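# Reading the structure
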Amino acid sequence: PSPPVAPRSAPVSDLRYQVSLIGAGSSSAEREAVAQQMVQLFGIPLVKAQAAVQRMPLVVKRNLTEAQADELYQSLSSTGARVSVEATAPAAH
């Protein structure tokens, strides 16, 4: 029998990213600014955004390209949010 084929690492261009909200500031004004930004970015109701800001860490978006993840990171962190970007395995096709 032939030897098992080891799975290849995904080419760098196939990597996908997820963006997580890990902090939303220490004051209620900072948390409110992050919630408002989430409303603008995702079109969700303010009540949902405010609830999300209270439940950190929270993955806010998955399966992004590096450029998309960077843009989302910049948008959220500009409001004072602490944001992490993690590389993940590419989505199965």
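We now turn to the structure provided with this report. Per chain, the residues get numbers from 1 upward, laid out in the order the sequence is written. For this predicted model, a pLDDT threshold of at least 70 governs which residues receive local features, and a threshold of 80 or more governs which side-chain atom pairs are given and counted, while totals over whole chains, interfaces and linings are taken from all residues. Calculation of side-chain values draws on the structure's entire complement of heavy atoms; hydrogens and water are dropped beforehand.

Helix and strand counts for the protein chain stand at three helices and three strands. Runs of H or I in DSSP of at least four residues are treated as helices and runs of E of at least two as strands, each being numbered from the N terminus. Each helix and strand of the protein chain, ordered N terminal to C terminal, gives the series β-α-α-β-α-β. Throughout this description, buried means an accessible area under 20% of the type-specific maximum (1.4 Å probe, protein chains only), exposed means over 50%, and partly exposed covers the range between. Counting across all 93 residues of the protein chain, residues that qualify as buried make up 27%. Contacts: residue pairs with any heavy atoms within 4.5 Å of one another. For the protein chain, long-range pairs separated by at least 24 residues make up 70% of all intrachain contacts whose partners lie at least 6 apart in sequence. Put simply, the protein chain shows about 6200 Å² of open surface, and 54% of that area lies on carbon and sulfur atoms. Using a 1.4 Å probe, the Shrake-Rupley method yields the accessible areas, and only the shown protein chains count as cover for residues.

The end-to-end C-alpha distance of helix α3 (residues 66-77), which contains twelve residues, comes to 16 Å, matching closely the 16 Å that a straight helix rising 1.5 Å per residue would cover. The set of residues buried in α3 consists of A69, L72, S75 and L76. Within α3, the buried residues cover an arc of 130° as seen down the axis, which keeps them to one side. Facing away from the buried surface of α3 by more than 90 degrees, the exposed residues are E66, A67 and E71. Buried residues belonging to α3 abut β1 (16-23), α1 (28-42), β2 (58-64) and β3 (82-88). To estimate how far a helix should extend, the number of its residues minus one is multiplied by 1.5 Å. This arc describes the spread of directions from the helix axis toward the C-beta atoms.

Before going further, it helps to spend a moment on α1. Here α1 is 15 residues long and its end C-alpha atoms lie 21 Å apart, about the 21 Å a rise of 1.5 Å per residue gives. The secondary structure elements touched by the buried residues of α1 are β1, α2 (46-54), β2 and α3. Just past α1, the residue G43 takes up positive phi, approximately 65°.

The next subject is unusual backbone geometry. Here the residue pair M56 and P57 is connected by a cis peptide bond, since its omega of 0° sits within 30 degrees of zero. Phi is positive for N63, close to 60°, though the residue is something other than glycine. Position of N63 relative to the elements: it lies in strand β2. Owing to a relative accessible area of 38%, N63 belongs among the partly exposed residues under this scheme.

By definition, two strands form a pair when at least two bridges between them are found by DSSP. If you trace the three strands from one edge of the open sheet to the other, you get β2-β1-β3, paired in antiparallel fashion. Edge strands, defined here as strands with exactly one partner in the open sheet, are β2 and β3. Taking the axes of each pair of neighbouring strands and ignoring which way they run, one obtains an average angle of 20° across the sheet. In the sheet, β1 pairs with β2 via four bridges, with the strands oriented antiparallel. Directly across from L21, in β2, lies its bridge partner L58. Between N-to-C directions, angles cover 0 to 180 degrees, with each direction set by a line fitted to C-alpha atoms, over the stretch in contact for helices.

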